[in-house]
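Close look at the chain arrangement
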Amino acid sequence: KLAKQRQFPLNDMVKVAAEVSSGKLTREQGEKNTFNHSFDEQLRYEAIAIGASTGGPMAIEQILNGLPANLNIPVIIAQHMPEQFLRSFAKRLDRTIPLKVKLAERGEVLTGGVIYVLPGHKNSHVIRDINTNQSIFNFTRQEYKEFNFPSIDGLFMSMAEAYGQKLIGIVLTG
């Protein structure tokens, strides 16, 4: 609310947000952001990566419902959940979120306005095709110190390499 009234530096906004009761942060059930956002050609970011542990599905849904209906960058989600639940999670989100939601597939080019849920049978990386400069999903056998299949660490490291400072990373606690 304060951010709408005046312009605040990010660190001041974080301090204000920390003082807000978490009960005030929940949306009314069924409330979705169907408003368009005015994107200009100078959009600073090219992708959003979200990582969440077992307590993340409800928070992810709230975040996704808050995204503008005409978002023109891809969103990639690494949610710690067994494979069969990730498939149904993606299908349910696709029915309830204004944007397209799907499971990521090997070799698939990331498309703006699409939300990708990483499958749980392998770790996934996002790589840049050296010929086309397009971002593509790739599966890897590489394992990480923390949770694997899907690995948040693996996703974030690969996306940081592919997008650099043009990436928004969101880590949710479980």
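Residues numbered from 1 in each chain as written. Predicted model: local features only at pLDDT ≥ 70, side-chain atom pairs only at ≥ 80, totals over all residues. Heavy atoms only, no water.

**Here we look at the environment of Gln134**
Mapped onto the elements, Gln134 comes out in the loop between β5 (123-128) and β6 (135-140). Through-space distance from the C-alpha of Gln134 to that of Leu110 is 7.6 Å; in sequence the pair is 24 residues apart. Excluding anything up to four places from it in sequence, Gln134 contacts Val109, Ile127, Arg128 and Asp129. (Helix = DSSP H or I, 4+ residues; strand = E, 2+ residues; numbered from the N terminus. Contact = heavy atoms within 4.5 Å.)

**A word on the pattern of salt bridges**
Throughout the structure, instances matching the rule amount to 6 salt bridges. Of the charged contacts in the structure, one is a salt bridge between Lys102 and Glu105, with a shortest N-O distance of 3.2 Å. With a relative accessible area of 18%, Lys102 lands in the buried category. (Salt bridge = Lys/Arg side-chain N within 4 Å of Asp/Glu carboxyl O. Buried < 20%, exposed > 50% of the residue type's maximum accessible area, 1.4 Å probe, protein only.)

**Remarks on the confidence of the model for the protein chain**
Put simply, the protein chain has an average pLDDT of 81, and 75% of its residues get 70 or more. Within the model, the stretch residues 1-6 combines pLDDT values under 50 with 4 contacts to residues more than four positions away or in other chains. (pLDDT = per-residue confidence, 0-100.)

**Thoughts on the environment of Ile77**
When you line up the elements, Ile77 lands in strand β2 (residues 75-79). Remark: the alpha-carbon pair of Ile77 and Ala49, spanning 28 residues in sequence, is separated by 5.9 Å. When residues no more than four places from it in sequence are discounted, the contact partners of Ile77 are Ile50, Ile60, Leu64, Ile115, Tyr116, Val117, Leu118 and Leu155.

**Focus on unusual backbone geometry**
Positioned with a positive phi, Asn133 is a non-glycine residue whose angle comes to about 65°. Here Asn133 shows up in the loop between β5 and β6.

**Details of the side chain of Ser151**
Positionally, Ser151 belongs in the loop between β6 and α5 (152-163). Classification of Ser151 by relative accessible area gives buried; the value is 1%. Polar side-chain contacts of Ser151 include one of 3.3 Å to the backbone nitrogen of Asp153. In this structure Ser151 touches Ala78, Asn123 and Tyr144, once residues within four positions along its chain are discounted. (Polar contact = N/O pair within 3.5 Å; in protein donor to acceptor, adjacent residues only side chain to side chain.)

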